[in-house]
Amino acid sequence: MPYRGPTSSKTQVPLDTARRYSEQWRLWNVVLDEALSLPQTRPIFSSHNWSFKPVAQPSNQVARFRVDKEDKPVTYEEVHGPHYIAHRKGRLSLHTGNLYGEDHAAEQTVEDVFLQKFMLGTFPVCLADPRILKRRAHQLEVSALVLRQLPAHKFHLLVGYNETLLSPCYKRPVCLHLQTVPSKVVYKYT
Amino acid sequence: MAAVATGRWLRFRCKLCLTLTCQRAGPCGQAPSCRFYSGSATIPKVEGTNITGIEEVVIPKKKTWDKVAVLQALASTVNRDATAAPYAFQDDPFLIPTSSVESRSFLLAKKSGENAAKFIINSHPKYFQKDIAEPHIPCLMPEYFEPQIEDISEAALRERIKLKKVKASVDMFDQLLQAGTAISLETSNSLLDLLCYYGDKEPSTDYHFQQSEKSEELEEAAEENNKKSEKADHQFGVTWRTKNNAERIFALMPEKNSHSYCTMIRGMVKHRAPARALNLYTELLNNRLHADVYTFNALIEATALSVSEKLEDKWNNILELLKQMAAQKVKPNLQTFNTILKCLQRFHTFGRLPALQTFREMKAIRIEPSLATYHYIIQLFYHHENPSKGSSLIIYDIMNELTGQKFSPKDPDDDMFFQSAMKACSFLRDLELAYQVHGLLNTGDNWKFIGPDHRRNFYYSKFFSLVCLMEQIDVTLKWYKDLIPSVFFPRSQTLIDLLQALDVANRLEVIPQIWKDSKEYGHTFHNVLKEEILMLMARDKHSPELQVAFADCAADIKSTYESQDGRQTAPEWPANSLNYVAVLFLRAGRTQEAWKMLGLFKKHNKIPGNELLNEFMDSAKASNSPAQAIEIVKLASAFSLPICEGLTQRVMADFAINQEQKEALGNLTSLTSDSDTDSDSDINEGK
């Protein structure tokens with residue numbers, strides 16, 4: 001059984017915006033993945049052939065769907081893999097930590113992971129998509145797409161609770177913006 | 001080299017000066033626009049030159065701006081968005097409230113979520129200690145509610161008082177007394193303050209916004225101080241028990257100064273023990289101490305609260321108190337006058353003259369009246385009015401004085417002014433005055449005085465009803481779009497007023513839109529409103545497009561009736577509505593549904609009207625079907641209506657019917673004519 005690389009959870013780490021995601025770079029990434037992932041059946045460097053060719057078989061498994069029997073509904077977010085970020089998808093967390101000269105990128109990433117899980121816990125059945133986190137000056141804005149499973153006053157209670165609990169946690173004002181949809185917005189069936 | 005350079009520099013400077021002065025000397029008139037100097041305060045007078053027309057440059061003082069000045073400037077460029085919900089709600093159609101009940105419950109839910117979060121934070125403060133905010137944000141740090149000092153000492157007592165723990169501080173005080181330590185006067189006084197403020201009960205964790213809304217009459221009748229409702233007490237707050245902790249501690253204190261007496265008096269008055277307060281005041285005088293102005297305010301309230309005396313006696317007592325106040329050289333403040341006016345308000349007609357005297361006195365001492373002052377005066381003059389007597393014109397004087405003024409909050413009752421002013425306007429039916437009041441509301445920061453939800457709703461309902469009554473329809477519709485629903489949710493009476501205004505102005509085509517809006521604001525099942533709408537639509541014949549729109553609206557209303565029936569066991573579909581809906585269907589050409597409506601008449605046991613049957617006959621004639629005509633006659637005879645004969649004759653005359661049908665008709669008419677004479681009187685009574 002070939003070792004599939006580390007599968008990530010729904011969170012996506014924001015990539016460095018300064019780097020161009022060219023084809024060559026993508027292929028080199030593939031090579032690195034392969035080299036690090038201890039293949040048992042397909043060695044890259046075969047003993048017979050010294051011509052080093054990057055193996056252009058994408059075996060990335062991260063956050064992608066394969067077309068199967070066409071009965072599972074998937075959203076737009078889930079259908080597009082991580083290579084479509086900044087092409088067909090936006091990022092899940094928007095901050096300036098990765099720009100040249102800015103710091104605290106790591107802390108902000110850790111906060112993002114925590115916030116995604118926290119929101120998943122507070123709105124148990126309701127979340128349709130991963131939350132989008134925006135950092136604007138001192139403020140943290142969490143935009144979430146929720147299903148209409150709870151009556152409206154319960155949503156307001158949870159919003160008040162979240163905002164007041166997270167603000168002293170991070171010592172910055174945290175705003176929650178909800179948008180309700182009747183059900184998960186299906187893009188296609190896979 | 002350097003010399004040359006300096007020479008060049010000097011020449012340059014001279015040239016510069018010369019050019020500047022030439023320019024200065026030339027256009028003397030427009031000197032302010034051409035200032036070229038950047039640094040110097042005044043031009044140094046050059047000796048030998050006599051240049052006229054040079055003014056002194058005065059650099060203005062540096063302006064200091066508020067921290068939020070930019071935001072304020074930006075905010076002043078935008079007006080209120082009439083299509084948006086208040087910002088406290090999430091901006092989503094599912095989460096925006098559609099009625100005032102819902103909006104209140106959402107805000108309460110949000111607040112209770114916040115309270116839950118604060119409870120968690122304050123229970124586990126050690127997880128929230130890490131302070132990464134630069135500069136420090138105090139409101140995001142956890143608060144400490146548990147006393148830290150554990151031993152029995154005066155410092156521990158002071159800490160418990162600061163944390164507002166009533167029972168704990170009383171216990172600590174007792175322990176200190178038993179241990180024999182002397183407690184200083186200030187600490188005892190602050191303990192008395194705590195006890196008297198909270199009336200010997202713990203400060204309740206219910207916040208005041210959770211109390212049930214009192215109606216206006218209750219508000220006028222009841223005291224408006226302590227609003228925390230406990231189980232043991234009635235609706236109106238904590239009452240002062242005799243021999244409670246405060247009195248016990250007061251008796252135990254070795255030395256009492258005027259502060260102690262004053263606190264006790266104010267506590268007693270706050271918690272409704274006015275007689276004891278007056279007794280304590282006499283004790284204070286016996287000890288030759290002086291009371292302060294707050295105590296006098298409380299005593300004035302106490303005299304007004306005492307039940308047994310007549311109004312003149314009460315007023316004389318108040319005047320006595322004021323004389324004593326002057327004798328003790330205590331200056332009255334705004335609260336004094338407001339308290340007097342509040343007490344006079346309860347005296348109704350008797351209090352009018354003293355109120356005006358008080359007001360003039362206040363002006364004479366040069367105390368600025370607050371909105372609460374004017375509120376009490378308006379209440380006095382306009383509250384129990386009946387229109388037969390002439391109404392006073394004092395509100396015009398008040399509004400003339402207040403126009404353009406900006407207020408700051410000085411009295412807890414300031415937010416009742418606009419409500420009472422608008423009530424008086426609507427009583428007087430004066431639209432100009434209402435616009436004046438509304439203009440005052442929109443001046444500066446006065447919008448903050450509109451008060452809590454129910455008061456705001458009352459104000460705007462009255463205002464909008466007055467606008468509907470007195471203003472032209474276009475302006476009314478503009479106000480409608482502006483105010484509803486972003487400012488207040490209309491009650492059904494408001495919508496009925498609007499419909500009547502539309503009726504008067506002959507703009508009935510807006511009615512389907514109003515019905516759609518009423519459904520959104522939660523009036524779907526309000527029968528009176530629906531009848532009014534149907535009546536207005538069905539009264540006259542209109543153009544065909546309008547009839548179609550009306551028929552759609554009627555179908556919608558019909559479906560709401562049906563869903564209402566489905567939920568309740570006893571169907572309550574009024575006869576008038578059935579009539580109107582059927583008429584509207586007929587006129588729009590939806591004859592199938594109209595005939596179904598006739599069936600519904602029998603089902604709900606209601607009698608169709610005469611005009612309705614005539615219209616059905618007309619439509620049957622138009623579609624040229626004698627069968628339908630006979631149906632109608634049968635229906636009429638089933639209800640034993642007197643119009644049956646007229647209908648029969650009409651059928652015979654207008655339609656081509658064969659012999660059997662004629663016989664059947666004849667039978668019907670004979671049946672009805674027999675029972676007609678007997679049941680004629682009954683039917684007339686029933687109609």
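Residue numbers restart at each chain and count upward from 1, following the sequence in its written direction. Labels are handed out in written order, letters beginning with A for the chains and numbers beginning with 1 for the ligands. Residue-level local features of this predicted model are given only where pLDDT is at least 70; pairs of side-chain atoms are given and counted only at 80 or more, and the full residue set underlies all totals for whole chains, interfaces and linings. Heavy atoms from the whole structure form the basis of all side-chain values; hydrogens and water molecules are not counted.

Taking an unreviewed UniProt entry as the reference, chain B is identified by name as Small ribosomal subunit protein mS39 belonging to Ursus maritimus. UniProt lists a comment for chain B under the heading Sequence similarities (unreviewed entry), and it reads "Belongs to the mitochondrion-specific ribosomal protein mS39 family." According to UniProt, the comment filed for chain B under the heading Subcellular location (unreviewed entry) is "Mitochondrion". UniProt positions are given in the numbering used here, feature names are shortened, and annotations may be inferred rather than shown by experiment.

In the nomenclature of an unreviewed UniProt entry, chain A is known as 28S ribosomal protein S24, mitochondrial-like of Ursus maritimus. Checking UniProt for chain A, the heading Subcellular location (unreviewed entry) contains the comment "Mitochondrion". The record held by UniProt for chain A lists under Sequence similarities (unreviewed entry) the comment "Belongs to the universal ribosomal protein uS3 family."

Caption draft 1: The interface of chain B and chain A, seen in detail. Whether two residues touch is decided by their heavy atoms; if any such pair falls within 4.5 Å, the residues are in contact. Contacts between the two partners involve 25 residues from chain B, matched on the other side by 25 residues from chain A. What counts as buried area is the accessible surface, traced by a 1.4 Å probe, that two parts surrender upon association, with contributions from both included. Sorting the residues of chain B by area buried against chain A places Gln 90, Phe 94 and Leu 140 of chain B first, and these three jointly supply 29% of that buried surface. The working definition used for a salt bridge is a side-chain nitrogen of Lys or Arg within 4 Å of a carboxyl oxygen of Asp or Glu. At the junction of chain B and chain A, the tally comes to zero salt bridges. For this classification, Asp, Glu, Lys and Arg are treated as charged, while Ala, Val, Leu, Ile, Met, Phe, Trp, Tyr, Cys and Pro are nonpolar and the rest, including Gly, are polar. For the side of chain B that touches chain A, the per-class residue count stands at 15 nonpolar, four polar and six charged.

Caption draft 2: Molecular detail of the environment of Glu 312 of chain B. Residues and elements named next belong to chain B. Here Glu 312 is to be found in helix α12 (residues 311–327). Between buried and exposed lies partly exposed: a residue is buried under 20% and exposed over 50% of the maximum accessible area for its type, with that area taken using a 1.4 Å probe on protein chains only. Glu 312 sits in the partly exposed class, given a relative accessible area of 41%. Considered as a pair, Glu 312 and Phe 407 are 95 residues apart in the sequence and their alpha carbons are 34 Å apart. Strands are runs of DSSP state E lasting at least 2 residues, helices are runs of H or I lasting at least 4, and numbering of each runs from the N terminus.

Caption draft 3: Molecular detail of the sheet that holds strand β5 (residues 174–181) of chain A. Residue and element names in this part refer to chain A. Pairing between two strands requires that DSSP report at least two bridges joining them. Spatially, the four strands line up as an open sheet ordered β2-β3-β4-β5, and their pairing is mixed. Two strands in the sheet have a free side with no partner beyond their single neighbour: β2 (93–94) and β5. Bridge analysis of β2 against strand β3 (residues 132–136) gives two bridges, and the strand direction is parallel. Bridge pairing in β3 places Leu 94 opposite Lys 134. Fitted lines through C-alpha atoms serve as axes, helices being fitted only where they are in contact, and the angles separating the N-to-C directions of these axes extend from 0 to 180 degrees. Against the sheet, helix α3 (residues 105–122) contacts β2, β3, β4 (139–147) and β5, and its axis sits at roughly 135° relative to β3. Packed onto the sheet, helix α4 (residues 152–170) meets β4 and β5 and runs at close to 150° relative to β5.

Caption draft 4: Expanded view of unusual backbone geometry. Residues and elements named next belong to chain B. In this model, Glu 134 is joined to Pro 135 through a cis peptide bond whose omega is 5°. Along the polypeptide, Pro 135 turns up in the loop between α3 (100–123) and α4 (154–162). Despite not being glycine, Lys 164 has its phi angle at roughly 65°, a positive value. Here Lys 164 lies in the loop between α4 and α5 (166–179). Classification of Lys 164 by relative accessible area gives partly exposed; the value is 43%.

Caption draft 5: Looking closely at the confidence of the model for chain A. Residues and elements named next belong to chain A. In the predicted model, chain A carries a mean pLDDT of 77, and the fraction of residues at 70 or more is 69%. The quantity known as pLDDT measures the predictor's confidence residue by residue, on a range of 0 to 100. Taken element by element, the predicted model of chain A shows its lowest mean pLDDT in helix α1 (residues 23–36) (58) and its highest in α4 (94). Confidence drops under pLDDT 50 across residues 8–20; counting only partners more than four residues distant or on other chains, this segment forms 19 contacts. With pLDDT under 50 throughout, residues 37–47 is counted as low confidence; its partners more than four residues away or in other chains account for 12 contacts.

Caption draft 6: Molecular detail of the packing of α4 of chain B against α5 of chain B. All names here are of chain B. Contact pair α4 / α5: the axes reach a minimum separation of 9 Å and the direction vectors enclose 165°. Considering the angle they form, α4 stands roughly antiparallel to α5. Once α4 is placed against α5, the crossing between them reads as left-handed. Here Glu 154, Ala 156, Leu 157, Arg 160 and Ile 161 of α4 come into contact with α5, specifically with Ala 168, Ser 169, Met 172, Phe 173 and Leu 176. Split into classes, the residues belonging to the contact of α4 with α5 amount to seven nonpolar, one polar and two charged. In what follows, roughly perpendicular refers to angles from 65 to 115 degrees, roughly parallel to angles under 35, roughly antiparallel to angles over 145, and oblique to any angle outside these ranges. Note on convention: near helix rotated counterclockwise from far helix by under a right angle means a left-handed crossing. Clockwise means right-handed.

Caption draft 7: Representation of the packing of aromatic side chains in the model. All names here are of chain B. Classification of ring pairs uses Phe, Tyr and Trp, with its six-membered ring standing for Trp, and accepts pairs whose centres are within 6.5 Å; under 30 degrees between planes counts as stacked, over 60 as edge-to-face, and the remaining range as tilted. The full count for this structure, using the stated rule, is 21 aromatic pairs over all chains. Measuring from centroid to centroid gives 5.3 Å for Phe 250 and Tyr 261, while their planes differ by 85°, and the two rings are edge-to-face. Within this pair, whereas Phe 250 is found in helix α8 (residues 245–252), its partner Tyr 261 is found in helix α9 (residues 258–270), the two being separated by 11 residues in sequence. In terms of burial, Phe 250 and Tyr 261 fall into one category: buried. Ring centres of Phe 464 and Tyr 480 lie 6.1 Å apart, and the angle between their planes is 35°; this geometry places the pair in the tilted category. Placement of the pair is Phe 464 in helix α19 (residues 453–470) and Tyr 480 in helix α20 (residues 473–483), with a sequence separation of 16 residues. In terms of burial, Phe 464 and Tyr 480 fall into one category: buried. Taken together, Phe 417, Phe 418, Tyr 435, Tyr 459, Tyr 460, Phe 463, Trp 479 and Phe 488 form an aromatic cluster joined through their ring pairs. Over the aromatic face of Tyr 197 sits the side chain of Lys 270, whose NZ or CZ is 3.5 Å from the ring centroid. We call a charge positioned over a ring when the NZ of a Lys or the CZ of an Arg lies within 6 Å of the ring centre and within 35 degrees of the ring normal.

Caption draft 8: Representation of the nonpolar core. If you look at the biggest cluster of nonpolar residues, it comprises 153 residues, and the most contacted ones within it are Met 264, Phe 417, Phe 418, Phe 464, Leu 483 and Phe 616 of chain B. When near neighbours in sequence (up to four residues on either side) are disregarded, Phe 464 of chain B contacts Thr 476, Trp 479, Tyr 480, Leu 483, Ile 484, Phe 488, Thr 494 and Leu 498 of chain B. Nonpolar cores were defined as sets of buried Ala, Val, Leu, Ile, Met, Phe, Trp, Tyr and Cys residues, with membership established by side-chain atoms within 4.5 Å. In this structure, Leu 158, Val 174 and Leu 178 of chain A together with Phe 106 of chain B belong to the second largest nonpolar core, which totals 27 residues.

Caption draft 9: Representation of the state of the cysteines within the structure. Residue and element names in this part refer to chain B. Criterion for a disulfide: a pair of cysteine sulfur atoms within 2.5 Å. This structure, assessed with the given rule, holds zero disulfides over all chains. Unpaired in terms of disulfides, Cys 425 finds its nearest cysteine sulfur in Cys 468, a separation of 16 Å. For Cys 425, a relative accessible area of 0% gives the class buried.

Caption draft 10: Here's a closer look at the pairing of β4 of chain A. Residues and elements named next belong to chain A. Of all the nine residues making up β4, seven are buried; the element is thus mostly covered by neighbouring parts of the structure. In terms of strand pairing, β3 meets β4 through five bridges, oriented antiparallel. Within the sheet, the bridge partner assigned to Arg 136 lies in β4 and is Gln 139. What sits between β3 and β4 in their antiparallel hairpin is a turn of two residues, with Ala 137 showing a positive phi close to 50°. Note that the unit made of β4, α4 and β5 has a crossover that is right-handed. By definition, the crossover connecting two strands over a helix is right-handed if that path, from the first strand to the second, turns clockwise as seen with the strands pointing away from the viewer.

Caption draft 11: Representation of the pattern of salt bridges. Under the definition given, this model contains 21 salt bridges over all chains. Here Glu 111 of chain A ties to Arg 135 of chain A by a salt bridge, and the two come within 2.9 Å at their closest N and O atoms. Of this pair, Glu 111 of chain A sits in helix α3 while Arg 135 of chain A sits in strand β3; the two residues are 24 residues apart in sequence, bridging distant segments of the chain. Across the pair Arg 507 of chain B and Glu 509 of chain B runs a salt bridge, and its minimum N-O distance is 3.5 Å. One network of salt bridges, in which partners are shared, links Glu 111, Asp 112 and Arg 135 of chain A.

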